[in-house]
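Each chain is listed here by its residues.
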2 protein chains.
Amino acid sequence: MVIGKNIERTEKMVEHFREVCRESGLKVTPQRVEIYRALASTKMHPDVEMVRESLNASMPNLSTDTIYRTLSMFEEFGLVTRIEAIGNRARYDADTSRHPHFFCTECGCVKDFHCDEMETIAAPRSAKKLGRVDSVHIHVRGVCNECLAKE
Amino acid sequence: MVIGKNIERTEKMVEHFREVCRESGLKVTPQRVEIYRALASTKMHPDVEMVRESLNASMPNLSTDTIYRTLSMFEEFGLVTRIEAIGNRARYDADTSRHPHFFCTECGCVKDFHCDEMETIAAPRSAKKLGRVDSVHIHVRGVCNECLAKE
DNA sequence: TCCTTAATAGGAATAATTACTACTTAGGAT
DNA sequence: ATCCTAAGTAGTAATTATTCCTATTAAGGA
Ligand SMILES: [Mn+2]
Ligand SMILES: [Mn+2]
Ligand SMILES: [Zn+2]
Ligand SMILES: [Zn+2]
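Note that the structure is a prediction, hence the values are computed from the model and not measured. (Residues numbered from 1 in each chain as written. Chains lettered and ligands numbered in written order. Predicted model: local features only at pLDDT ≥ 70, side-chain atom pairs only at ≥ 80, totals over all residues. Heavy atoms only, no water.)

**Q** Would you explain the coordination of the manganese ion (ligand 2) in this entry?
**A** In ideal tetrahedral geometry, four donors around a metal make angles of 109.5 degrees, whereas ideal octahedral geometry with six donors gives angles of 90 or 180 degrees. Residues and elements named next belong to chain B. Taken together, the protein ligands of the manganese ion (ligand 2) are His45 (NE2), Asp93 (OD), His99 (NE2), His101 (NE2) and Asp112 (OD), with distances of 2.0 to 2.3 Å. Donor residues binding the manganese ion (ligand 2) come from one chain and are separated in sequence as H-x47-D-x5-H-x1-H-x10-D. With His45 in the loop between α2 (30–40) and α3 (48–55) and Asp93 in strand β2 (residues 91–93), this pair connects stretches of sequence that are 48 residues apart. Grouping residues by exposure puts His45 and Asp93 together as buried. (Donors = N, O, S within 2.8 Å, 3.2 Å for Na, K, Ca; no water. Helix = DSSP H or I, 4+ residues; strand = E, 2+ residues; numbered from the N terminus. Buried < 20%, exposed > 50% of the residue type's maximum accessible area, 1.4 Å probe, protein only.)

Next up, the structure:
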């Protein structure tokens, strides 16, 4: 995972993360900051293993358990969104705004795209009859350009 | 898992399943028929364990491996749809028509609802720029009426 | 009925996630 | 600045979901 693009934006997000921690009485540990920064600085929607790899140089003793615990905690506090992609590994997104995803069924990559209609479509009455609707999720599946090129 | 409603419709689906098997050179084994029937006769979108439980009386020796293998094969041949619900168990739907789902974040249940807009919305250019789009998936998350009643 | 090959059962292996616990540390109090 | 304490972490074990393996079985064609 490459880190380094849009450093200003990333650091702004990290600062916001620190504030949320302080407001919520969560300790701002180096592990939490680095895990959050790893997510905020990439568009790859990383899973736990990708986070571990990207931090391996700077934090070689970071434990798997800490990554899992930390990401779950982030989700609970609305700092990240958990993405149920294809396959079995949970992936995370530091962009918590509502937006659709492209899932490649070949390589498993997850990409953002934008679509006003998909970002604003509301749950219909038929859905609300089933219970309380908290969020709407849209994704498309297909084969990404990189995988198409390989074929 | 309760089986038995809409028996005619279920049996029509089972007959179609048999035809697909014959056409594709797949053996019509009792295991396959019962697993397919278990899916076709419920609206619960069962996971592997639910299928096993529902068939435990009639097929006590049905192996987990067979259920996994069979459901994957069904998906490959377009007989069922695999649903990536919340949490870690894959769920399956014998209704392969495009329709949105309601996921309860409390009990994990999966319910159907209908919404013309969600069933016809097409992938936008911004998605197609990322690769070949094969399908569009929409679901909502919330808390189902049963869980709301318990609170 | 026989034969061939696909399919199954049962158990072992793998992969993802969670649980446990002794040790560490962030951040408030002194 | 130092101390205290509860919250957090590392390392490891346990659990859970899924896949792999292989000897045995049986579907469906000859
Ligand atoms: Mn995203
Ligand atoms: Mn459905
Ligand atoms: Zn790809
Ligand atoms: Zn519920």
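**Q** Can you help me understand the sheet that holds strand β5 (residues 131–144) of chain B in this one?
**A** The strands making up a sheet associate through backbone hydrogen bonding, with each pair oriented either parallel or antiparallel. Pairing is mixed across the open sheet formed by six strands, whose spatial order is β4(A)-β3(A)-β5(A)-β5(B)-β3(B)-β4(B). Because the sheet does not close on itself, it has two edges, and the strands there are β4 (110–112) of chain A together with β4 (110–112) of chain B. Strand after strand, the sheet turns through a mean of 30° between neighbouring axes, direction not considered. Two strands pair when backbone bridges link them, and strand β5 (residues 131–144) of chain A and β5 of chain B are joined in this way by 13 bridges, in the antiparallel orientation. Bridging across to β5 of chain B, Arg141 of chain A finds its partner in Ser135 of chain B. (Pairing = 2+ DSSP bridges. Axes fitted to C-alpha atoms, helices over the stretch in contact; angles between N-to-C directions.)

**Q** Sorry, what's going on with the protein's contact with DNA strand C here?
**A** Around DNA strand C, 18 residues are found, and the nearest of them are Val28, Tyr68 and Arg89 of chain A together with Thr66 and Arg69 of chain B. Within 4 Å of the protein, the contacting atoms of DNA strand C are drawn from sugar and phosphate to the extent of 68%. At 3.1 Å from a phosphate oxygen of DNA strand C is found a main-chain nitrogen or oxygen belonging to Ser63 of chain B. In the model, a base oxygen of DNA strand C is placed 3.4 Å from a nitrogen or oxygen of the Asp65 of chain B side chain. Those elements giving two or more residues to the surface near DNA strand C turn out to be α4 (64–76) of chain A together with α2 and α4 (64–76) of chain B. Looking at the surface near DNA strand C, the element that brings in the most residues is α4 of chain B, giving three residues. (Near = heavy atom within 4 Å. Polar contact = N/O pair within 3.5 Å; in protein donor to acceptor, adjacent residues only side chain to side chain.)

**Q** Sorry, what's going on with the relation of the copies chain B and chain A here?
**A** In this structure, two copies of a chain are linked by a rotation about an axis accompanied by a shift along it. Once turned by 179° and shifted 0.0 Å along the axis, chain B lies on chain A with an RMSD of 0.1 Å. Such values leave the two copies arranged in the relation of a two-fold axis. The position closest to the rotation axis in chain B is occupied by the C-alpha of Ile138 of chain B, lying 2.3 Å away. With an isologous cut-off of 70% or more, the 100% of interface residues of chain B that recur at the interface of chain A puts this contact in the isologous class. (Least-squares fit on C-alpha atoms with pLDDT ≥ 70 in both. Contact = heavy atoms within 4.5 Å.)

**Q** I tried to follow the interface of chain B and chain A on my own but got confused; where do I start?
**A** When the parts come together, some accessible area is lost, and that loss is often what is quoted as the size of the interface. Listed by partner, the interface residues are 37 residues for chain B and 37 residues for chain A. Both sides of the chain B and chain A interface together cover about 3,100 Å² of buried area, and 57% of this is carbon and sulfur. At the junction of chain B with chain A, the criterion picks out 16 residue pairs in polar contact (both at pLDDT 80 or more). Among the secondary structure elements, those contributing two or more residues to the side of chain B that touches chain A are β4, α5 (116–120), α6 (125–128), β5 and α7 (145–150) of chain B. Sorting elements by how many residues they give to the side of chain B that touches chain A places β5 of chain B first, with 14 residues. Residue composition of the side of chain B that touches chain A, grouped by class: 19 nonpolar, nine polar and nine charged. (Buried area = accessible area lost by both parts, 1.4 Å probe. Nonpolar A, V, L, I, M, F, W, Y, C, P; charged D, E, K, R; others polar.)

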